[in-house]
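Observations on the model geometry
The lines below spell out each chain.
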Amino acid sequence: MGYPVEHSLSPLIHNAAFGATGENLLYLAFPVRPGELSTAVAGLKALGFKGANVTVPHKEKIIKYLDRVEPIAARIGAVNTIVNNGNELVGYNTDGTGFIRSLNEAGFNPSGKNVLILGAGGAARAVAFALVDAKCTKLSIANRTLANAMKLADSLTDKCGLIPEVYSMDEKELHLVLSEADLVINTTSLGMWPKVEDTPLPGGGFKKGQWVYDLVYNPIETKFLKQARERGCYVISGLSMLLYQGAEAFTLWTGQDAPVEVMEKVLYGAVNKKN
Ligand code: ATR
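Residues numbered from 1 in each chain as written. Predicted model: local features only at pLDDT ≥ 70, side-chain atom pairs only at ≥ 80, totals over all residues. Heavy atoms only, no water.

**Observations regarding the overall build of the chain**
This is how it is decided: A run of H or I in DSSP becomes a helix once it reaches four residues, and a run of E becomes a strand once it reaches two; helices and strands are each numbered from the N terminus. The size measure is the radius of gyration over C-alpha atoms, and the globule rule it meets is 2.2 Å times the number of residues to the 0.38 power. Throughout this description, buried means an accessible area under 20% of the type-specific maximum (1.4 Å probe, protein chains only), exposed means over 50%, and partly exposed covers the range between. Between two residues, a contact is recorded if the distance between any of their heavy atoms is within 4.5 Å. Using a 1.4 Å probe, accessible areas were evaluated by the Shrake-Rupley method; residue-level cover was limited to the displayed protein chains. Note on charges: Lys and Arg go in the positive column, Asp and Glu in the negative column, and His and the chain ends are not counted at all. Charged side chains are reduced to one point each, which is NZ for Lys, CZ for Arg, CG for Asp and CD for Glu.
Along the backbone of the chain there are 10 helices and 10 strands. At 19 Å, the chain has a C-alpha radius of gyration in line with the 19 Å of a compact globule built from 275 residues. Overall, the chain is about 55 × 40 × 30 Å in size when its C-alpha atoms are taken along their principal axes. Within the chain, buried positions represent 48% of all 275 residues. Pairs at least 24 apart in sequence give 65% of the contacts found in the chain among residues at least 6 apart. In the structure as shown, the chain presents an accessible area of about 13,000 Å², 54% of it carried by carbon and sulfur atoms. Of the charged side chains in the chain, 27 are positive and 27 negative; the average position of the first set lies 2 Å away from that of the second.

**Thoughts on the pattern of salt bridges**
The criterion, for reference: The term salt bridge refers to a side-chain nitrogen of Lys or Arg lying within 4 Å of a carboxyl oxygen of Asp or Glu.
Considering all chains together, one arrives at 12 salt bridges under this definition. Across the salt bridge formed by arginine 75 and aspartate 133, the nearest N and O atoms sit 2.5 Å from each other. Note that arginine 75 is positioned in helix 3 (residues 71–76) and aspartate 133 in helix 5 (residues 122–133), a separation of 58 residues in sequence. Of the charged contacts in the structure, one is a salt bridge between glutamate 230 and lysine 226, with a shortest N-O distance of 3.0 Å. A residue pair is termed a helical-turn pair when its members lie 3 or 4 positions apart in one helix, as glutamate 230 and lysine 226 do in helix 8 (residues 223–230) at 4 residues.

**Some words on the pairing of strand 6 (residues 138–142)**
Two faces, one strand: in a regular strand the side chains alternate between the faces of the sheet. Condition: When DSSP finds at least two bridges between two strands, those strands are taken to pair. Throughout, right-handed denotes a crossover for which the path from the first strand over the helix to the second runs clockwise when the strands point away from the viewer.
Burial within strand 6 is extensive, with 4 of its 5 residues counted as buried. Relative to strand 6, strand 5 (residues 114–118) runs parallel, the two being bridged by 5 bridges. Opposite asparagine 114, over in strand 6, you have lysine 138 as the bridge partner. Taken together, strand 5, helix 5 and strand 6 constitute a β-α-β crossover, and its handedness is right-handed.

**With respect to the sheet that holds strand 6**
The condition that has to hold: A fitted line through C-alpha atoms represents every axis, and for helices the fit uses only the stretch in contact; the resulting angles, taken between N-to-C directions, go from 0 to 180 degrees.
Taken in spatial order, the 6 strands line up as 7-6-5-8-9-10 in an open sheet, and their pairing is parallel. Here the strands that pair on one side only, and so sit at the sheet edges, are strand 7 (165–167) and strand 10 (234–237). Each adjacent strand pair in this sheet contributes to an overall mean axis angle of 15°, direction not counted. The pairing of strand 9 (residues 211–214) with strand 10 spans 4 bridges and is parallel. Along strand 10, the bridge assignment pairs aspartate 214 with serine 237. On the sheet, helix 9 (residues 239–254) packs against strand 9 and strand 10 and is oriented at approximately 55° with respect to strand 10.

**Some remarks on the pairing of strand 4 (residues 89–92)**
In terms of strand pairing, strand 2 (residues 68–69) meets strand 4 through 2 bridges, oriented parallel. Bridge pairing in strand 4 places arginine 68 opposite valine 90. Where strand 3 (residues 81–84) lies against strand 4, 4 bridges are found, and the strand directions are antiparallel. Within strand 4, the residue paired with valine 83 across the bridge is valine 90. The turn linking strand 3 back onto strand 4 is made up of 4 residues, and glycine 86 within it adopts a positive phi angle of 105°.

**Some remarks on the nonpolar core**
Just so we agree on the cut-off: Here, nonpolar core means buried Ala, Val, Leu, Ile, Met, Phe, Trp, Tyr and Cys residues that are tied together by side-chain atoms lying within 4.5 Å of each other.
One finds Phe99, Leu131, Leu139 and Ile185 to be the most contacted residues of the largest nonpolar core, which totals 33 residues. Only helix 4 (94–106), strand 5, helix 5, strand 6, helix 6 (146–160), strand 8 (183–186) and strand 9 provide two or more residues apiece to this core. Counting residues per element, this core draws most heavily on helix 5, which supplies 8 residues. Once residues lying within four places of it in the same chain are set aside, the contact partners of isoleucine 185 are Phe99, Val115, Leu116, Ile117, Leu118, Val127, Leu131, Tyr213 and Leu215. Counting 21 residues, the second largest nonpolar core, distinct from the first, contains Leu9, Phe18, Ala249 and Ala270.

**Some thoughts on the packing of aromatic side chains**
The test is simple: Geometry of aromatic contacts follows a simple scheme: Phe, Tyr and Trp rings, the Trp one being its six-membered ring, pair when their centres are within 6.5 Å, and the pair is stacked under 30 degrees between planes, edge-to-face over 60, tilted otherwise.
Evaluated as defined, the whole model comprises 7 aromatic pairs. An angle of 50° between the planes, with centres 4.8 Å apart, marks the rings of phenylalanine 99 and tyrosine 213 as tilted. Residue phenylalanine 99 is found in helix 4, and its partner tyrosine 213 is found in strand 9; the two are separated by 114 residues along the sequence. Among the residues examined, phenylalanine 99 registers a relative accessible area of 0% and is labelled buried.

**Digging into the environment of alanine 153**
Here alanine 153 shows up in helix 6. Judged by its relative accessible area of 5%, alanine 153 falls in the buried class. For the pair alanine 153 and glutamate 171, spaced 18 residues apart in sequence, the C-alpha to C-alpha distance is 20 Å. The contacts of alanine 153, once residues within four sequence positions are left out, are Ile141, Leu162, Pro164 and Val166.

Spelled out as structure tokens, the structure:
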């Protein structure tokens, strides 16, 4: 459920996964207008849907219509996955766990690491809490609007006791923290098609051997990632987060491991065809 939702790649990956595992399930995208969210949620229960994914602009507002919200989703303040267990609708957030899994699969363990997050919106929030749970030791947040970065930092301090450093998006000011970070993550929408020349760090400024992650996945290699790769960094595309948040949701609905290779194949196939 989202609005708009027509271009979502989730039906593709989940239907491929259901086919590969023999699950008698079908995944459909439903555009749900903001004023109709409560009715749509009631419909999930009344019609016996097994579950749902929730995307922009409903991830926060949906919480009040659910029977229960898992602690991780409650702390993030956003739900992207619903499980209907027969008598109650339970909200989960697989964005953060999917993000950590994509890092682990790529070979990066956040434990004890120094991380710089660019952006302070909903995606940054899910990523930041997941990184704290994964025991990163230092977190810095840089954002165009400093007040929003401070709000996220305060929330991390309140809920996890971590005190992040906060910066504006000024590359001169970011120079030192950028050079010291083990992992740099773009959570802003800068660089997303069609504005592919945009990047949160036009000057590059990455350090060789650093890990660089872009949540933007269209194009697969953004300008941000291209600059990092050319500097000798390890780069990860947001497509892997999309894949693993989907894999985690699949497991919540079916109780079994997701056929990740099948999902990955259709996902990369669809994105390559578009580009
Ligand atoms: P999402 O749920 O995808 O994270 P969001 O909550 O709207 O979306 O957050 C968008 C993030 O991208 C914010 O950090 C936003 O910065 P502000 O807090 O200053 O709004 C950032 N962002 C969006 N457009 C931007 C731009 N043109 N330049 C810099 N940052 C931008």
